[in-house]
Amino acid sequence: MASLDQKSPNVLLQSLCCRITGKSEAEVAHQFQYAVRVIGSNYAPTIERDEFLVSEKIKKELLRQRREADAALFSELHRKLQTQGVLKHRWSVLYLLLSLSEDPRKPSSRVGNYGALFAQALPRDAHSTPFYCTRPQSLALGYGERSAGLSGSVGTSGISSLGVYTLNGPTPTAQSLQAGPPPLSAAAGTQSLGSRLAWALPISSSPSAIMAPPTTRPPLGPQVPNTRAVRPRRDGDATGEVSEAALVRDILYVFQGIDGKFVKMNAQDNGYKIDNKVVLCKSLRDISSRLAELGWLHNKVRKYTDARTLDRAFGLVGQSFCASLHQELKEYYRLLSVLHSQLQVEDEQGVSMCTENSLTLRRLLVWMYDPKVRLKTLAALVDFCQGRKGGELASAVHSYGKTGDPQMRALVQHILSLVSNPILNFLYRWIYDGELEDTYHEFFVASDPNVKTDRLWHDKYSLRKSMIPSFITMDQARKVLLIGKSINFLHQVCHDRTPPGKITPASKPADTPKDAAELLSDLEGAFQEKIDAAYFDTSKYLLDVLNRNYLLLEHLKAMRRYLLLGQGDFIRHLMDLLKPELARPATTLYQHNLTGILETAVRATNAQFDNAEILKRLDVRLLEVSPGDTGWDVFSLDYHVDGPIATVFTRECMGHYLRVFNFLWRAKRMEYTLTDIWKGQMCNAKLLKTMPELSGVLHQCHILASEMVHFIHQMQYYITFEVLECLWDELWSKVQQAQDLDHIIAAHDVFLDTIISRCLLDNNSRSLLNQLRAIFDQIIEFQNAQDSLYRSALEELTLRLQFEEKKQQREEEGEWGVTAEQESEEKRRIQEFQDTIPKMRSQLRILTHFYQSIVQQFLVLLMTSPDESLRFLSFRLDFNEHYKGAWSQGQRAEAASFAGRHQRATSVKHLT
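All values reported here derive from a predicted model rather than from experimental measurement.

Definitions and cut-offs
- Residues numbered from 1 in each chain as written.
- Predicted model: local features only at pLDDT ≥ 70, side-chain atom pairs only at ≥ 80, totals over all residues.
- Heavy atoms only, no water.
- Helix = DSSP H or I, 4+ residues; strand = E, 2+ residues; numbered from the N terminus.
- Buried < 20%, exposed > 50% of the residue type's maximum accessible area, 1.4 Å probe, protein only.
- Contact = heavy atoms within 4.5 Å.
- Areas by Shrake-Rupley, 256 points an atom, 1.4 Å probe, with all protein chains shown as cover.
- Polar contact = N/O pair within 3.5 Å; in protein donor to acceptor, adjacent residues only side chain to side chain.
- Phe/Tyr/Trp six-rings, centres within 6.5 Å; stacked < 30°, edge-to-face > 60°.
- pLDDT = per-residue confidence, 0-100.
- Axes fitted to C-alpha atoms, helices over the stretch in contact; angles between N-to-C directions.
- Parallel < 35°, antiparallel > 145°, perpendicular 65-115°, else oblique.
- Left-handed = near helix turned anticlockwise from the far one by under 90°.
- Nonpolar A, V, L, I, M, F, W, Y, C, P; charged D, E, K, R; others polar.
- Salt bridge = Lys/Arg side-chain N within 4 Å of Asp/Glu carboxyl O.
- Patch = residues over 30% accessible without salt bridge, like charges linked within 9 Å, V, L, I, M, F, W, Y side chains within 5 Å.
- Lys, Arg positive; Asp, Glu negative; His and termini not counted.
- Charge placed at Lys NZ, Arg CZ, Asp CG, Glu CD.

A.B. asks: Is there a simple way to explain the overall build of the protein in this structure?
C.D. replies: What the protein contains, in helices and strands, is 32 helices and 6 strands. Taking all 912 residues of the protein together, 45% fall into the buried category. Here the contacts in the protein between residues at least 6 apart in sequence split such that 74% fall between residues at least 24 apart. Of the roughly 47,500 Å² that the protein leaves accessible, carbon and sulfur atoms contribute 54%.

Written out as structure tokens, the structure reads:
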């Protein structure tokens, strides 16, 4: 006997069914047949491949069954499984467990009512393949083998029970609708008894009668015994002219898209035409042509539904649209069955065409007026909806409802209620549970599963603008996106396990088309209230969690105090401590030394009273070193962000903070340097009074230092009060009034962008920034020049004092104070020092001239700046027109030209 591994797949599958059920091979025939269908099916799960969502579904199901302990145990086991990394496809395992826990006999709630046609699970005992009682070795598992032997069933997912064969079958002709048994295919012998009986059932007893096309309806011709001949009066008269009765019969066939005896489809003209050889009066020919238009309209709608009904990629909205078209066609077929019944009664009773109640072409023209209007509307909708799906399809249907015809508007509104039902189901699942099960990309909220958690808020979810239905405004769509995004952000980033039902109470969903129709009739009332309520509740809860658990506002204040130099005592003390270290070359600095100095500055100032969570994120950062850099050029403070607050303080934002800090740190260093210069001047003023030859040079130093102090003070005032304080006040006001996290992020981005612009750090202000850095460099040069001057002067003063002290000491001892040689040596040294004073004065003059020329260029650039605050800064820097008097002729012309252009632009703006 062959081993188990050598058996065929069919035998192994049947053995598995026996092993699971504990029954014999004969008793598991139904289960084996179902297993074959499942293995041969081509199912894809209708859920997003998100491990987190599946685990949440399992926990919700356990909580719904009041198994809280099992839910907690599952959560712990899932966490351990994630840390081990043994399984590569954890999502598949979790989804299998979730699927096994569901009862297959219960209808699935994952999709809308109209998605059941193609997206629900297979019924337990539904069979789309014939029932086999033979041994499993004779059953083929391959799709090609199975389809070759199963001609009576086309689908592999249970859809064939809805009339797949008849939908895809050939269009019957008038002759094929006569009474009689259906034609048998080559594989008729292998069909089941139910499949063979389906042909013989009348339309009222068929389970798929509602969805069946007219090709499977009962024949319109009279079903009379062969002994009863058709009356000659209904076929024509003695002259050979076709009678009206024969045309009525043909027209009833044409209404269903079936060629008649006299009225047939003309492929060249794409319409039904009466053969020119047929003898017929002009009036009947015209009426018949007008009635035959219904057949063309019917075929157009029918062709669209046949092509789209089984198209899975068409999505739930598309299937709902097809279902609405099927409903309209069903009503149309019902009317045709009434007309057929009347025609049959007339045939059986021998009623003449001239009687009052007989069925004539003119009566048909009157009775079919309303159905023709409805079919025209459906055909126009079908044309307009070609190539559309999802929300775009709903928008196309909604646009046709804007008409003054009440009947047409009611028809479109009914179709729209069916089409919009899946969209509203998507919407409610998203705003109340945060779940997005959009397998066919029909919803206007899109998800990118490749985005990591740290970029969830910014990149994972977005709007598909083409899929936003026209009855939903852009503001409503944005709120819908924010609601679901907030729920997922709370669960996945903030790790908040609060059920969505406690954040915002779920309202009644649009389970039926009637509910959807009621909701669509009040878009600005009940629908808007639901969206607003969910939006405000979810956003408020998210902001509360960020402020309470993650100290979002405290981190925002910390950015202002440390990176924007708002904590004055801390910054000043830090500079005092760092001055010896930062004066050294940048290559000799060590970060751990600077970090220790930072901690010392924190402990010695009011910064020590900040939250420990804030202080531990404050750190030192050294920038990239360039040749010749000192510690002042590479030093920077840093602030570490992670978790939910990194959503607000992104990498781009922290890069902006770093640029602004470097600019403010350099400006603060200039203020610190000028303070040291002023201290040096005040301390040495009295000492150098005994050296009158230095009075001119020292006066020059005082004037240049005063100019620099005035410039830096005005710049600091502008940066601190007109830029930082004003913008911070605006930001804080917007943050306090923010309704959602996006408002805070947008206000923060505007805050940083405006600071970058007004601090001359953007691309448009590059020339201004270069001039300002040149001014800063001149201040450093002036400090070095003054230090050199004072160093030389103090050395000379010390030597003179020592000479006078020795002279006085020797006089007290009764000796000559100095000899002629010593006196000449002293005079020679003094003369050498005095000879260096013109060189110092010349150096200061050159430095002053260069500094003033740079300031003049800076002022011209400020005057020509489009920013009004920068133009006012130029007025304060040169309030007495000291620099303006030294402008060149070209600089004067440029400033005057810009002033004229600005005045004209302002005048035009006021006029408009």
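A.B. asks: Please explain the environment of Gln327 as it appears in this structure.
C.D. replies: Mapped onto the fold, Gln327 is located in helix α11 (residues 315-349). Once the C-alpha coordinates of Gln327 and Ile415 are considered, the two residues, 88 residues apart in sequence, prove to be 9.5 Å apart. Excluding residues within four positions of it along the chain, Gln327 makes contact with His414 and Leu418. Within the structure, Gln327 has its side chain in polar contact with the side chain of His414 (distance 3.1 Å).

A.B. asks: Would you explain the packing of aromatic side chains in this entry?
C.D. replies: Aromatic ring pairs are defined here through the distance separating the ring centres and the angle between the ring planes. This model, assessed by the stated rule, comprises 20 aromatic pairs. Both rings, one in Tyr304 and one in Phe314, keep their centres 6.3 Å apart while their planes meet at 80°; by these two values the pair is edge-to-face. You can see Tyr304 sitting in helix α10 (residues 282-308) and its partner Phe314 sitting in the loop between α10 and α11, a full 10 residues away along the chain. The same class applies to Tyr304 and to Phe314, which are both buried. Between the aromatic rings of Phe384 and Tyr400, the centroid separation amounts to 5.6 Å while the plane-to-plane angle is 55°, which identifies the pairing as tilted. Of the two residues, Phe384 is situated in helix α13 (residues 369-384) and Tyr400 in the loop between α14 (390-399) and α15 (406-433); the sequence distance between them amounts to 16 residues. Judged by relative accessible area, Phe384 falls into the partly exposed class, the value being 33%. Using a relative accessible area of 23% as the deciding quantity, one classes Tyr400 as partly exposed.

A.B. asks: Got a minute to help me understand unusual backbone geometry in this structure?
C.D. replies: For residues besides glycine, phi is generally negative; the peptide bonds are generally trans as well. A positive phi is found at Arg66, a non-glycine position, where the angle reads about 60°. If you trace the backbone, Arg66 turns up in the loop between α3 (51-64) and α4 (68-84). The phi dihedral of Leu565 is positive, around 60°, even though this residue is not glycine. Here Leu565 lies in the loop between α21 (552-563) and α22 (568-582).

A.B. asks: What is the right way to look at the confidence of the model for the protein in this model?
C.D. replies: The predicted structure's coordinates, where accompanied by low pLDDT, should not be read in detail. Averaged over all residues, the pLDDT of the protein equals 79, while 77% of them reach at least 70. Considering only residues more than four positions removed or in separate chains, one finds that residues 1-5, a stretch of pLDDT under 50, has 3 contacts. Predicted confidence for residues 107-239 stays below pLDDT 50, and this span has 211 contacts to residues more than four positions away or in other chains.

A.B. asks: Explanation requested: the packing of helix α9 (residues 244-255) against α10 in the structure shown.
C.D. replies: Think of two packed helices as two axes; the pair is described by the angle between the axes and how far apart they sit. Remark: α9 packs on α10, axes separated minimally by 8 Å, with the N-to-C direction vectors making an angle of 15°. Here α10 runs roughly parallel to α9, going by the angle between their axes. Between α9 and α10 the crossing geometry is right-handed. Taking contact as the criterion, the partners of Glu244, Leu247, Ile251, Val254 and Phe255 in α9 are, on α10, Leu284, Ser288, Leu291, Ala292, Leu294, Gly295 and His298. Among the residues forming the contact of α9 with α10, the class breakdown is 8 nonpolar, 3 polar and 1 charged.

A.B. asks: Would you take a moment to explain the pattern of salt bridges for this structure?
C.D. replies: Side-chain pairs of opposite charge can arise where the charged atoms are in close proximity. Tallied over the entire structure, the rule returns 46 salt bridges. Residues Lys376 and Glu293 are paired through a salt bridge, measuring 4.0 Å at the closest nitrogen-oxygen approach. You can see Lys376 sitting in helix α13 and its partner Glu293 sitting in helix α10, a full 83 residues away along the chain. For Glu293, a relative accessible area of 30% corresponds to the partly exposed category. For Asp532, the salt bridge is made with Lys479, and the minimal N-O distance between the two is 2.9 Å. Remark: Lys479 occurs in helix α17 (residues 474-492) and Asp532 occurs in helix α20 (residues 523-549); sequence separation between them is 53 residues. Judged on exposure class, the residue Asp532 and its partner Lys479 are both buried. The structure contains a network of salt bridges with shared partners spanning Lys57, Lys60, Arg429, Asp433, Glu435 and Glu437.

A.B. asks: Sorry if this is basic, but what is going on with a nonpolar patch on the surface here?
C.D. replies: A contiguous nonpolar patch, built from Val86, Leu87, Val93, Leu96, Leu97 and Leu100 and spanning about 550 Å² of accessible area, is present on the exposed surface. With respect to the helices and strands, the residue Val86 is situated in the loop between α4 and α5 (90-101).

A.B. asks: Would you mind showing me how to read a positive patch on the surface here?
C.D. replies: Taken together, the side chains of Arg659, Arg666, Arg766 and Arg773 make up a positively charged region of the molecular surface. Contributions of two or more residues to the positive patch are made by α26 (651-685) and α29 (766-812). Along the chain, Arg773 turns up in helix α29.

A.B. asks: Sorry if this is basic, but what is going on with the packing of α3 against α4 here?
C.D. replies: Two numbers describe how α3 lies on α4: the axes approach to 8 Å, and their chain directions differ by 160°. Comparing their axes, α4 and α3 come out roughly antiparallel. Regarding α3 and α4, the two cross each other, and that crossing is right-handed. Contact with α3, carried on its side by Glu51, Ser55, Ile58, Lys59, Leu62 and Leu63, involves Glu68, Asp70, Ala71, Phe74, Ser75, His78 and Gln82 of α4 and no other residues of that element.

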